[in-house]
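Summary of the model geometry
Here is what each chain is made of, one letter per residue.
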Amino acid sequence: MTTQTGATTERASHTEESSQASRDVTKLYQEGLIAGLVGAATVAIWFLIIDSIQGRPLYTPTVLGAALFHRGAAPWLDAVPNFEMVLMFTWVHGLAFIVIGGIVARLLAFAEQQSNVGFGILMLFVFFEFGFIAAAMLLAAPVLQALAWPAILVANLLAATAMGGYFRLRHPNLRVQP
């Protein structure tokens, strides 16, 4: 019969490292989820304000939901609020922002470890924003006739600012170097 000295110490150390890594990943996912919800809520509130000022609350999510889920004719030009379209679009919109928040959270975690990639991440954001606007102008021209594209641009910038503010609070020591 043999005894192994230090076996419990090594296993405990390995378990603690594994537990810490698990907590870090969970924290990262939570950060991405919250940032995504902040961004999605910012856009939703912006368009609720714009639509309410124009006397047609929930018009934008109704139009975007109809464009996304009802292919074919342009049923959104005289759209009245459709709560089913609003809910369906809100789910898709929220999930898209959660995915974006998760990607950004991962990229920021990487940038904290290697500060020289931070500028590249910033440039990726600028490219993504420009690409989104260009794709929307090319592929969704009928929708942009119903919605003003400057309002969409402002909504994206507000969401990016809100998400950036949240991430700044979570990563106060992050430095971006070219």
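Residue indices begin from 1 for each chain and proceed along its sequence in written order. The model is predicted, so local features are restricted to residues of pLDDT at least 70 and side-chain atom pairs to those at 80 or more, both for listing and for counting; the totals for chains, interfaces and linings are taken over all residues. Water and hydrogen atoms play no part in the side-chain values, which are based on all heavy atoms of the structure.

Attention now goes to the overall build of the protein chain. In this description a helix means any DSSP run of H or I spanning at least four residues, a strand means any run of E spanning at least two, and both kinds are numbered starting from the N terminus. In terms of regular secondary structure, the protein chain is built from six helices and zero strands. Put simply, the protein chain runs from its N terminus to its C terminus through helices and strands in the order α-α-α-α-α-α. Exposure is judged per residue with a 1.4 Å probe applied to protein chains only, and the accessible area is read against the type maximum: over 50% gives exposed, under 20% gives buried, and values in between give partly exposed. The buried share of the protein chain, taken over its 178 residues, is 27%. Throughout, a contact is declared for two residues whenever any of their heavy atoms are within 4.5 Å. Intrachain contacts of the protein chain at a sequence separation of at least 6 include 68% that bridge at least 24 residues.

As a further point, take the nonpolar core. Buried residues of nine kinds, namely Ala, Val, Leu, Ile, Met, Phe, Trp, Tyr and Cys, make up a nonpolar core once their side-chain atoms join them within 4.5 Å. Of all hydrophobic cores here, the largest spans 21 residues; its most connected members are A35, V43, F47, F97, L147 and F167. The dominant element in this core, judged by the number of residues it contributes, is helix α6 (residues 149–170), at seven residues. Aside from chain neighbours lying at most four places away, what touches F167 is E31, A35, G101, V104, A105 and L108.

The next point concerns the pattern of salt bridges. Salt-bridge detection follows one rule: a side-chain nitrogen of Lys or Arg within 4 Å of a carboxyl oxygen of Asp or Glu. On inspection of all chains with the given rule, the structure shows one salt bridge. The residue E31 makes a salt bridge to R170 at a minimum N-O spacing of 3.4 Å. With a gap of 139 residues between them, E31 in helix α1 (residues 7–53) and R170 in helix α6 connect regions that are remote in the sequence. Classification of R170 by relative accessible area gives partly exposed; the value is 38%.

This part covers the packing of helix α3 (residues 83–113) against α6. Working convention: axes come from line fits to C-alpha atoms, limited for helices to the stretch in contact. Angles between N-to-C directions cover 0 to 180 degrees. Close contact between α3 and α6 brings their axes to 12 Å; oriented N to C, the two are set at 45°. Judged by the inter-axis angle, α3 sits oblique to α6. Note on packing geometry: the crossing formed by α3 with α6 is right-handed. Residues F97, I100, G101, V104, A105 and L108 of α3 form the contact with α6, whose participating residues are A159, M163 and F167. In terms of residue class, the contact of α3 with α6 is made up of eight nonpolar, one polar and no charged. For classification, angles of less than 35 degrees are called roughly parallel, those exceeding 145 degrees roughly antiparallel, those between 65 and 115 degrees roughly perpendicular, and all remaining angles oblique. Handedness of a crossing follows from how the near helix is turned relative to the far one, being left-handed for an anticlockwise turn of less than a right angle and right-handed for a clockwise one. Gly is put with the polar residues, along with every residue not named as nonpolar or charged; the nonpolar set is Ala, Val, Leu, Ile, Met, Phe, Trp, Tyr, Cys and Pro, and the charged set is Asp, Glu, Lys and Arg.

This next bit is on the packing of aromatic side chains. A pair of Phe, Tyr and Trp rings is counted when the ring centres sit within 6.5 Å of each other, with Trp represented by its six-membered ring. The angle between the planes then sorts it: under 30 degrees is stacked, over 60 is edge-to-face, the rest tilted. All chains considered together, the criterion is met by one aromatic pair. The side chain of R56 reaches across the aromatic face of Y59, ending 3.9 Å from its centre. Consider the ring centre and the ring normal. A charge sits over the ring if Lys NZ or Arg CZ is within 6 Å of that centre and within 35 degrees of that normal.

Looking now at unusual backbone geometry. The backbone phi angle of L58 is positive, close to 70°, even though this residue is not glycine. When you line up the elements, L58 lands in the loop between α1 and α2 (59–69).

Residues at a pLDDT of 70 or more form 78% of the protein chain, whose mean pLDDT is 81. For every residue, the predictor reports its confidence as pLDDT, a number between 0 and 100. Mean pLDDT values for the elements of the protein chain range from 65 in helix α5 (residues 141–146) up to 91 in α3.

With that settled, the discussion passes to the side chain of T62. Summarising the element assignment, T62 is placed in helix α2. We define a polar contact as two N or O atoms separated by no more than 3.5 Å, with the added condition that, inside protein, one atom must be a possible hydrogen donor and the other a possible acceptor, whereas residues neighbouring each other in sequence contribute only through side-chain atom pairs. Within polar-contact distance, the side chain of T62 engages the backbone oxygen of L58 at 2.7 Å.

Our focus in this paragraph is a nonpolar patch on the surface. Two distance rules govern patches: like charges are joined within 9 Å, and nonpolar side chains (Val, Leu, Ile, Met, Phe, Trp, Tyr) within 5 Å, applied only to residues with over 30% relative accessible area and no salt bridge. A 1.4 Å probe and the Shrake-Rupley method give the accessible areas. Residues count as covered only by the protein chains that appear here. Together, F119, L122, M123, F125 and V126 line one region of the surface with nonpolar side chains, adding up to about 430 Å² of accessible area. Here F119 shows up in helix α4 (residues 118–139). Residue F119 is classed as partly exposed on the basis of its relative accessible area of 37%.

Looking at where W46 falls in the secondary structure, it is placed in helix α1. Under the relative-accessibility criterion, W46 is labelled partly exposed at 22%. Separated by 112 residues in sequence, W46 and L158 place their C-alpha atoms 8.4 Å apart. Leave out the neighbours within four places in its chain, and W46 touches A151, V154, A155 and L158.

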